[in-house]
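# Report on the structure
Letter by letter, the chains look like this.
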Amino acid sequence: MEVSSVTADRGEPILSVRDLRVEYLTSAGTVAAVDGASFELHAGESIALIGESGSGKTTLGLGLLRLLPKSGRTPAGEILYRRRDGRVVDVLRFSNEEMRRFRWQECAMVFQAAQNALNPVARVWDQMLDTVRAHRSDSRDKIRERCERLLGMVQLEPRRVLHAFPHELSGGMRQRVLIAMSLLLDPQILVLDEPTTALDILTQRAIIDVLRSLRTQLHFSMLFISHDLSLAAELADRVATMYAGKVVELGGVRDIFYDPKHPYTLGLINAVPPVAGDLYEISSIPGAPPSLLNLPSGCSFHPRCMYARERCTSDSPPLYSVNSGHTSACHYWSEVQLQRKLVETRD
Ligand code: SF4
């Protein structure tokens, strides 16, 4: 994995998520899919949310934009957003109209399996035009100019793509169209949910390059959700690991990948095969993520954790400060070491 060397201009946070709780009402009871998540996103910064399926990453992203299904609700917490004029507002208190304006203009989201998000019977130009017209009354010429510029920035041929129907484009091209579309109204924050899933490896590479370049040119902040650690390593300034609805580790990308301080993050890293250098033994995390309806006592990770002790079964760990900007929800974080076992090879 190549670890990102992009550094963000850290100032006042543009987004502060504080003790956010997101619940789903199910026939079996209430499930806390996100339980007390807190983090800050700064202007121009990129944060990756990593973890296995069901850890709460996507729910957190949907909760930020109030796009949860009907069974979802956010009973506790704050999502403080700093507008361009410096005013700080709580997204959770927005009226429906304020929320409509917030989406796309302030914060846009590129969804998981985004290739299917385009209208199959409308040309790309009509979809981009409708997106802008739903929020602004800009002239067609101005919209056209912006569309062409953004499509060029995502390495597409604007004139051809604008006149195409989605089925005339490859999966990678459709993904790029959606990224360009998400930036049409110049949002301060872009949320991407698994932006390279379902794409072949060369297309994934191209999307990573496009996102990196767009971020440099347009200076938006990025929150991306991924189970792909190599994507996080390349695009993130900071990484938040989620497990069972909680942020269990948060730190700079180098700290997380070279000096993780939570056994779950360590397990995720050890499960990634290297593509270059020495041959390592890959180890998976034993067991499966717990049911959110019946979480283990104490630290939710204890049934799967090789560092677990008696205390872990009863005491839920708080987020301990490891060093400046690096926190870990593990009682024994100081003992966690990144070790990868070399595989012996024969001539
Ligand atoms: S608190 Fe205990 S069970 Fe939880 S991650 Fe740390 S060592 Fe493992």
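Overview of the structure. Everything quoted here is computed from the prediction, not taken from an experiment.

### Concerning the pairing of strand β1 (residues 13–26)
For a regular strand, side-chain orientation follows a simple rule: the groups alternate between the two sheet faces. Taken together, the 11 bridges between β1 and strand β2 (residues 29–42) define a ladder with antiparallel strand orientation. Residue pairing in the sheet places L20 in a bridge with A37 of β2. Where β1 meets strand β4 (residues 72–82), 7 bridges bridge the pair, whose relative direction is antiparallel. Across the sheet, residue Y24 finds its bridge partner in β4, namely G72.

### Observations regarding the packing of helix α6 (residues 171–182) against helix α7 (residues 201–218)
Packing of α6 against α7 brings their axes to within 10 Å, and their N-to-C directions diverge by 15°. Compared by their axis directions, α6 and α7 come out roughly parallel. Remark: the crossing between α6 and α7 carries right-handed chirality. Contact residues: α6 offers G172, Q175, R176 and I179, while α7 offers T203, A206, I207, V210, L211 and L214.

### Focus on the environment of S46
Topologically, S46 is positioned in strand β3 (residues 46–50). Along the chain, S46 and P317 lie 271 residues apart, while their C-alpha atoms are 27 Å from each other. With residues near it in sequence (within four places) discarded, S46 still touches R215, M222, F224, L235, A236, D237 and R238. Polar side-chain contacts of S46 include one of 2.7 Å to the backbone oxygen of L235.

### What about the sheet that holds β2?
Across the sheet, which stays open at both edges, the 4 strands sit in the order β2-β1-β4-β5 with antiparallel pairing between neighbours. The two strands at the open ends of the sheet, each matched to only one other strand, are β2 and β5 (88–90). Geometrically, the sheet is characterised by an average inter-axis angle of 5° between neighbouring strands, direction not taken into account. With 3 bridges connecting them, β4 and β5 associate as antiparallel partners. If you follow Y81 over to β5, its bridge partner there is V89.

### Things to note about the packing of helix α3 (residues 124–133) against α6
The contact between α3 and α6 brings their axes to 10 Å, and the two run at 25°. As judged from the angle between their axes, α3 and α6 are roughly parallel. Here the hand of the crossing between α3 and α6 comes out right-handed. Along the contact surface, α3 presents V124, Q127, M128 and T131, while α6 presents V177, A180 and M181. By residue class, the composition of the contact of α3 with α6 is 5 nonpolar, 2 polar and no charged.

What counts, and where the lines are drawn
Residues numbered from 1 in each chain as written. Predicted model: local features only at pLDDT ≥ 70, side-chain atom pairs only at ≥ 80, totals over all residues. Heavy atoms only, no water. Pairing = 2+ DSSP bridges. Helix = DSSP H or I, 4+ residues; strand = E, 2+ residues; numbered from the N terminus. Axes fitted to C-alpha atoms, helices over the stretch in contact; angles between N-to-C directions. Parallel < 35°, antiparallel > 145°, perpendicular 65-115°, else oblique. Left-handed = near helix turned anticlockwise from the far one by under 90°. Contact = heavy atoms within 4.5 Å. Polar contact = N/O pair within 3.5 Å; in protein donor to acceptor, adjacent residues only side chain to side chain. Nonpolar A, V, L, I, M, F, W, Y, C, P; charged D, E, K, R; others polar.

Read these as geometric descriptors, not functional statements.
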